[in-house]
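Examining the three-dimensional arrangement
Each chain is listed here by its residues.
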Amino acid sequence: MLDFRMVTFLTVCKYMSFTRAAEELNLTQPAVSQHIKYLEHEFETPLFLRERKALSLSPAGTLLRSSLESMRNDENTLKKRMKESLVGKKVLTFGVTMTIGEYAILPALARLIRTHPDTDFHIRYGNTQSLLADLYEGTIDFAIVEGYFMEENYQTRVYRTEEYIAVASSRHIFANPVHCMKDLTSERLLIREPGSGTRAILSRALALKNMSVQNFSHIVEVENIHTIVSLLQQDCGISFLYKAAVQEEIDRGTLMQIPLEDLKLKHDFTFIWNKDSIFSAEYEGIFEELC
């Protein structure tokens with residue numbers, strides 16, 4: 001189990017505030033400071049940097065935080081596995097983003113479930129940022145995500161690589177001739193919510209053109225990928241999505257890919273788990289099965 005002073009350290013890291021950590025832990029602020037000083041003396045290095053009252057992690061503190069988070073999450077997983085052993089059952093909890101869960105993993109997931117008849121599966125759907133938060137809290141074993149994240153915090157494997165495209169109804173009439181992304185700004189944009197990997201990829205692609213989603217004349221923000229596809233079919237605007245999410249509709253002729261000279265983009269769907277986990281070999285095995 002983690003030493004109580006290490007729990008204090010992780011709580012300070014969570015808020016980057018001694019005061020808020022003290023409130024959450026129901027301790028006095030001097031007690032929190034004493035815990036941190038003890039660890040700094042024990043490891044013979046500063047764990048935090050203080051500049052103009054702003055708190056940040058030192059390089060040693062960053063290393064300790066990563067290691068303790070892995071230890072905490074492994075401890076939680078180990079407790080769960082020990083309880084499961086009492087009833088002869090294993091439970092695997094993992095997360096997938098909306099696009100991956102609905103369009104990219106179903107055949108592989110069905111195969112995994114069939115080949116593990118004694119395992120219960122808890123599958124969480126969420127956007128990339130919410131799944132990263134679940135990994136941080138140790139409430140899921142691993143995740144398959146799109147979008148961007150700090151790779152140094154995780155062990156990663158590329159599950160597959162998908163084309164990212166602009167798409168519209170096959171009967172859509174464009175306000176202007178379309179050759180590049182800027183030609184679409186007079187259109188209504190259907191877009192996922194902040195935190196979504198699909199949106200993060202679009203935001204970065206637009207930023208490279210000195211653009212943002214605010215450049216579009218109108219925006220419809222939707223938290224469900226099926227709704228976006230349905231609205232596209234009803235000719236309610238244009239969108240940017242993984243091709244896998246609209247391949248069937250393109251094949252049927254209800255939607256079309258918008259050819260853009262300046263959008264030639266592919267992005268990874270990434271299988272990730274917490275770095276240095278003692279369960280890494282198990283997660284590697286699951287990844288191989290899914291592939």
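Description of the structure in this document. As the structure is a prediction and not an experimental result, all values here were calculated from the model.

Conventions adopted
- Residues numbered from 1 in each chain as written.
- Predicted model: local features only at pLDDT ≥ 70, side-chain atom pairs only at ≥ 80, totals over all residues.
- Heavy atoms only, no water.
- Axes fitted to C-alpha atoms, helices over the stretch in contact; angles between N-to-C directions.
- Helix = DSSP H or I, 4+ residues; strand = E, 2+ residues; numbered from the N terminus.
- Parallel < 35°, antiparallel > 145°, perpendicular 65-115°, else oblique.
- Contact = heavy atoms within 4.5 Å.
- Nonpolar A, V, L, I, M, F, W, Y, C, P; charged D, E, K, R; others polar.
- Phe/Tyr/Trp six-rings, centres within 6.5 Å; stacked < 30°, edge-to-face > 60°.
- Buried < 20%, exposed > 50% of the residue type's maximum accessible area, 1.4 Å probe, protein only.
- Lys NZ or Arg CZ within 6 Å of the ring centre and 35° of its normal.
- Lys, Arg positive; Asp, Glu negative; His and termini not counted.
- Salt bridge = Lys/Arg side-chain N within 4 Å of Asp/Glu carboxyl O.
- Polar contact = N/O pair within 3.5 Å; in protein donor to acceptor, adjacent residues only side chain to side chain.
- Pairing = 2+ DSSP bridges.

A look at the packing of helix H2 (residues 18-25) against helix H3 (residues 29-43)
Any two packed helices are characterised by the angle at which their axes cross and by the distance between the axes. The geometry of H2 relative to H3 is characterised by a closest axis approach of 8 Å and an angle of 105° between their N-to-C directions. Viewed along their axes, H2 and H3 adopt a mutual orientation that is roughly perpendicular. Where H2 approaches H3, its residues Phe18, Thr19 and Ala22 are matched on the opposing element by Gln29, Val32, Ser33 and Ile36. Of the residues that constitute the contact of H2 with H3, the class distribution is 4 nonpolar, 3 polar and no charged.

Some remarks on the packing of aromatic side chains
How two aromatic rings sit relative to each other is set out by the distance from centre to centre and by the angle between their planes. Applying the stated rule across the entire model yields 13 aromatic pairs. A centroid spacing of 6.5 Å and a plane angle of 75° characterise the contact between phenylalanine 216 and phenylalanine 240, whose relative ring orientation is edge-to-face. Within this pair, whereas phenylalanine 216 is found in the loop between helix H8 (197-207) and strand S8 (218-221), its partner phenylalanine 240 is found in strand S9 (residues 238-242), the two being separated by 24 residues in sequence. You'll find phenylalanine 216 and phenylalanine 240 in the same group, each marked buried. On the numbers, 4.7 Å between centres and 75° between planes, the contact of tyrosine 242 with phenylalanine 269 is edge-to-face. Note that tyrosine 242 is positioned in strand S9 and phenylalanine 269 in strand S11 (residues 265-274), a separation of 27 residues in sequence. Its end group placed over the ring of tyrosine 148, arginine 204 keeps NZ or CZ at 3.6 Å from the ring centre.

Some thoughts on the side chain of glutamate 187
Locating glutamate 187 in the fold gives a position in the loop between strand S6 (154-169) and strand S7 (188-191). Despite its burial, glutamate 187 pairs with no opposite charge; the closest candidate is arginine 188, at 7.7 Å N-O. Within the structure, glutamate 187 has its side chain in polar contact with the side chain of histidine 172 (distance 2.8 Å). Among the polar contacts listed, one links the side chain of glutamate 187 to the backbone nitrogen of alanine 175, at a separation of 3.1 Å. Ignoring sequence-local partners within four residues, the contact set of glutamate 187 consists of His172, Phe174, Ala175, Phe216, Ser217, His218 and Ile238.

With respect to the side chain of serine 58
Along the polypeptide, serine 58 turns up in the loop between strand S2 (54-57) and helix H4 (59-86). Residue classification places serine 58 among the buried residues on the basis of a relative accessible area of 4%. Polar side-chain contacts of serine 58 include one of 3.0 Å to the backbone nitrogen of glycine 61. Setting aside residues up to four positions removed in sequence, serine 58 forms contacts with Pro46, Leu47, Phe48 and Leu49.

As for the pairing of strand S3 (residues 90-96)
When you tally the buried positions in S3, you get 6 out of 7 residues, the bulk of the element. Bridge analysis of S3 against strand S4 (residues 119-125) gives 7 bridges, and the strand direction is parallel. Counterpart to leucine 92 in the pairing with S4 is phenylalanine 121. In this sheet, strand S5 (residues 142-145) lies alongside S3 in parallel orientation, the contact comprising 3 bridges. Looking at S5, one finds that glycine 95 is bridged to alanine 143.

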